[in-house]
Amino acid sequence: MTDETEADLTGATPRRRPKADVDTVGGRKLKPATLMMGHGFDPMLSEGSLKPPIFLTSTFVFPNAAAGKRHFEGVTGKRPGGAEGLVYSRFNGPNQEILEDRLGVWEGAEDALAFSSGMSAIATLFLSMVKPGDTIVHSGPLYAATETLIARILGRFGVHWLDFPAGATREEIDAVLGKAASGNVALIYLESPANPTNALVDVEAVAASRDAIFKGPNKPPIAIDNTFLGPLWAQPLKQGADIVVYSLTKYAGGHSDLVAGGVLGSKEHINTIRLMRNTIGTICDPNTAWMLLRSLETLELRMSRAGENAVKVCEFLRAHPKVEHVGYLGFLEEGSRQADIYRRHCTGAGSTFSLYLKGGEKEAFAFLDSLKIAKLAVSLGGTETLASHPAGMTHLSVPDARKQALGITDNLVRISIGVEDADDLIADFEEALKAV
Ligand SMILES: Cc1ncc(COP(=O)(O)O)c(C=O)c1O
């Protein structure tokens, strides 16, 4: 049977999806780094093109009317699981679907969705899960725009929120979840490590607390922003999270040349979120999806190198007389609670950290203005090293008392290490410290 006749019977538009992906060889389950080269794409369905073409089209032709109806049943949620064929580029597209298949591979997620930005992924998740009167319980601090979205925007629609500090103990989490349980908790939302404190959340403790306090249909899902360590160094589905959120703009995209987001999880949760994405149109465009496919091929290489570089740079900075402290996950105090969470949840310390210089804003600015290789820019996870001043930039509008509580002091510089030569980076930091 040809693809065409099969499509007529099943209603599936013939396209890039291979009938059976090669995910094992000789019984060996292939690793994500291998699968990123071909998973989810059959060149023979695209003129033999080794790489997926970019499908620049707003709509897709149905093989027949019955197939169109069946696809719309999937798009509108009449039948769970999304459309079985390609429909319209606000709902799906080949590049986005290959990307989603490959994103899921890294964390062994059942399903995944691609978005136009990290924030559109987070907003779509919230809109699909909460209604007026519900409570979101979250760890704090969160990425500033996520906090704004919960407190100021969803707050306007009657959504409540309660938070616990990122490093909270099981007892502290129990206390907040117990208090929230008097209302309807729609979602538990975490960010680990927290931006910019780098504090890790004990996902296992949050899951245990949730399971002890909430039963049956009242049990809220746990979603977590894994942008800083994922997917290489942390995979929170393994610790009991239900949904993982990404700003793919960062390590996954990895070249500071695109903005995108992702959500991973069970088919059931992803179906709920997909319906909202189909309605509001927060899917990423085909070109961005294609660029992300290219990025994912080198994800492990890039993240591994950046992680190795960060160890060397942080060792150098820690020993420097003009440095007060280096807030790096590789330097957690032996025996501390944070070190215990790190041991249970992480396989690497990442490459984004906080550098506290001796002094204040003047010293921090002198350092930043003297860097030659590292660029003075916000964001993280790119091939190039970036440095910024949270108190004066990303967190400028945070009230002083909260800044103080979060350790966002004037002498703090945030650094994201890239894949350059580590000794060149050390030379750059050494010279810049001379200017302090
Ligand atoms: C932890 C975290 N989550 C979400 C976002 C938002 O992602 P985007 O800028 O792709 O919308 C960011 C951006 O810096 C972030 O650092």
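The sections below set out a description of the structure shown in this document. Keep in mind that this is a model prediction, so the values were computed, not measured.

## Re the overall build of the chain
If you tally the helices and strands in the chain, you get 15 helices and 14 strands. For the C-alpha atoms alone, the extent of the chain along its principal axes is close to 75 × 55 × 40 Å. Expressed as a percentage of the 436 residues in the chain, the buried residues total 54%. Intrachain contacts of the chain at a sequence separation of at least 6 include 73% that bridge at least 24 residues. Carbon and sulfur atoms make up 56% of the accessible area of the chain, which totals about 18,700 Å². Distance between charge centroids for the chain: 3 Å, based on 44 positive and 52 negative side chains.

## Quick notes on helix 9 (residues 267-280)
Over its 14 residues, helix 9 runs 20 Å from end to end, which matches the ideal 20 Å to within 8%, given 1.5 Å per residue. Looking only at helix 9, the buried set comprises His 269, Ile 270, Asn 271, Ile 273, Arg 274, Arg 277 and Asn 278. In this structure, the buried residues of helix 9 make contact with helix 3 (65-75), helix 4 (94-107), strand 3 (111-115), helix 5 (118-129), strand 8 (243-247) and strand 9 (261-265). Looking one or two residues beyond helix 9, the residue adopting positive phi is Gly 281, at roughly 75°.

## Concerning the pairing of strand 7 (residues 222-225)
Of the two faces of strand 7, the one carrying Ile 222 and Ile 224 and the one carrying Ala 223 and Asp 225 are both buried. Sheet topology places strand 6 (residues 185-191) next to strand 7; 4 bridges connect them, and they run parallel. Directly across from Glu 191, in strand 7, lies its bridge partner Asp 225. Crossover connection from strand 6 via helix 8 (residues 203-213) to parallel strand 7: handedness right-handed. One ladder, built from 3 bridges, connects strand 7 with strand 8; its direction is parallel. Counterpart to Asp 225 in the pairing with strand 8 is Val 245.

## A look at the sheet that holds strand 9
Taken in spatial order, the 7 strands of this open sheet run 3-9-8-7-6-4-5, and their pairing is mixed. Strand pairing shows two members of the sheet lacking a second neighbour, strand 3 and strand 5 (160-165), which therefore form its edges. Across this sheet, the average inter-strand angle for adjacent strands is 20°, counted without regard to direction. The strands touched by helix 4 within the sheet are strand 3, strand 8 and strand 9, with strand 3 carrying the most contacts at an inclination of about 125°. Along the sheet, helix 9 contacts strand 3, strand 8 and strand 9; its crossing angle with strand 3, the most-contacted strand, is approximately 25°.

## A few points about the environment of Val 436
Positionally, Val 436 belongs in the segment after helix 15 (422-434). Given a relative accessible area of 25%, Val 436 falls into the partly exposed group. On a C-alpha basis, the gap between Val 436 and Leu 368 in space is 9.4 Å, while along the polypeptide they are 68 residues apart. Among residues more than four places away in sequence, those in contact with Val 436 are Lys 322, Glu 363, Ala 366 and Phe 367.

## Quick look at the site of the ligand
Around the ligand sit 14 residues, and of these Met 119, Asp 225, Ser 247, Thr 249 and Lys 250 come closest. Met 119 has a polar backbone atom sitting 2.9 Å from an oxygen atom of the ligand. Asp 225 places a polar side-chain atom, nitrogen or oxygen, 2.6 Å from a nitrogen atom of the ligand. Across the shell around the ligand, the residue classes break down as 5 nonpolar, 6 polar and 3 charged.

## Quick notes on the packing of helix 5 against helix 6 (residues 144-153)
Relative orientation of the contacting elements helix 5 and helix 6 amounts to 25°, with a least axis distance of 11 Å. Between helix 5 and helix 6, the angle is such that the two are roughly parallel. Helix 5 and helix 6 meet at a crossing whose hand is right-handed. Contacts between helix 5 and helix 6 pair Met 119, Ile 122, Ala 123 and Phe 126 from the former with Ala 145, Thr 146, Leu 149 and Ile 150 from the latter.

## Regarding the packing of aromatic side chains
Counted under the stated rule, the structure contains 8 aromatic pairs. Aromatic pair Phe 72 and Phe 91: ring centres 6.2 Å apart, planes at 90°, arrangement edge-to-face. Of this pair, Phe 72 sits in helix 3 while Phe 91 sits in the loop between helix 3 and helix 4, placing them 19 residues apart in sequence. By relative accessible area, which is 10% here, Phe 91 ends up buried.

## Overview of unusual backbone geometry
Geometrically, the link from Ser 192 to Pro 193 is a cis peptide bond, its omega value of -10° lying close to zero. Residue Pro 231 follows Gly 230 across a cis peptide bond; omega there is -5°. Along the chain, the position of Pro 231 falls in the loop between strand 7 and strand 8. One non-glycine residue, Glu 47, lies in positive phi territory at about 60°. Checked against the element boundaries, Glu 47 lands in the loop between helix 2 (32-35) and helix 3. Given a relative accessible area of 83%, Glu 47 falls into the exposed group.

Cut-off values and rules
- Note that residues are indexed from 1 along each chain, following the sequence as it is written.
- This being a predicted model, a pLDDT of at least 70 is required before a residue's local features are given, and a value of 80 or more before pairs of side-chain atoms are given or counted; all residues contribute to the totals for chains, interfaces and linings.
- Excluding hydrogens and water, the side-chain figures rest on all heavy atoms present in the structure.
- Helix numbers and strand numbers start at the N terminus; a helix is a DSSP run of H or I with at least 4 residues, a strand a run of E with at least 2.
- Each residue gets one of three labels from its accessible area relative to the maximum for its type: buried under 20%, exposed over 50%, partly exposed in between, using a 1.4 Å probe on protein chains only.
- Note on contacts: a residue pair qualifies if any of its non-hydrogen atoms lie within 4.5 Å across the two residues.
- Computed by Shrake-Rupley with a 1.4 Å probe, the accessible areas treat only the displayed protein chains as cover when residues are assessed.
- Charged residues are defined narrowly, with Lys and Arg counted positive, Asp and Glu counted negative, and His plus the chain ends left uncounted.
- Where a charge lies is defined by one atom per residue type, namely NZ (Lys), CZ (Arg), CG (Asp) and CD (Glu).
- For a helix, the expected span equals 1.5 Å multiplied by the number of residues minus one.
- If DSSP finds at least two bridges between two strands, the strands pair.
- Crossovers are marked right-handed if the path from the first strand over the helix to the second runs clockwise, as seen with the strands pointing away from the viewer.
- Angles run from 0 to 180 degrees between N-to-C directions of axes, and those axes are lines fitted to C-alpha atoms, restricted for helices to the stretch in contact.
- It suffices for a single heavy atom of a residue to lie within 4 Å of a molecule or strand for the residue to be listed as near it.
- Whenever a nitrogen or oxygen atom comes within 3.5 Å of another N or O atom, the pair is scored as a polar contact, on the condition that within protein one atom can donate a hydrogen and the other can accept it, and that pairs from neighbouring residues in sequence are kept only if both atoms are in side chains.
- Residue classes follow a fixed rule: Ala, Val, Leu, Ile, Met, Phe, Trp, Tyr, Cys and Pro count as nonpolar, while Asp, Glu, Lys and Arg count as charged, and any other residue, Gly among them, counts as polar.
- With respect to orientation, any angle under 35 degrees is reported as roughly parallel, any angle over 145 as roughly antiparallel, any angle of 65 to 115 as roughly perpendicular, and every other angle as oblique.
- Put simply, a crossing is left-handed when the front helix is turned counterclockwise from the back one by less than a right angle, and right-handed when it is turned clockwise.
- Planes of paired rings set the category: under 30 degrees apart is stacked, over 60 is edge-to-face and the rest tilted, where pairs are Phe, Tyr or Trp rings (Trp by its six-membered ring) whose centres lie within 6.5 Å.

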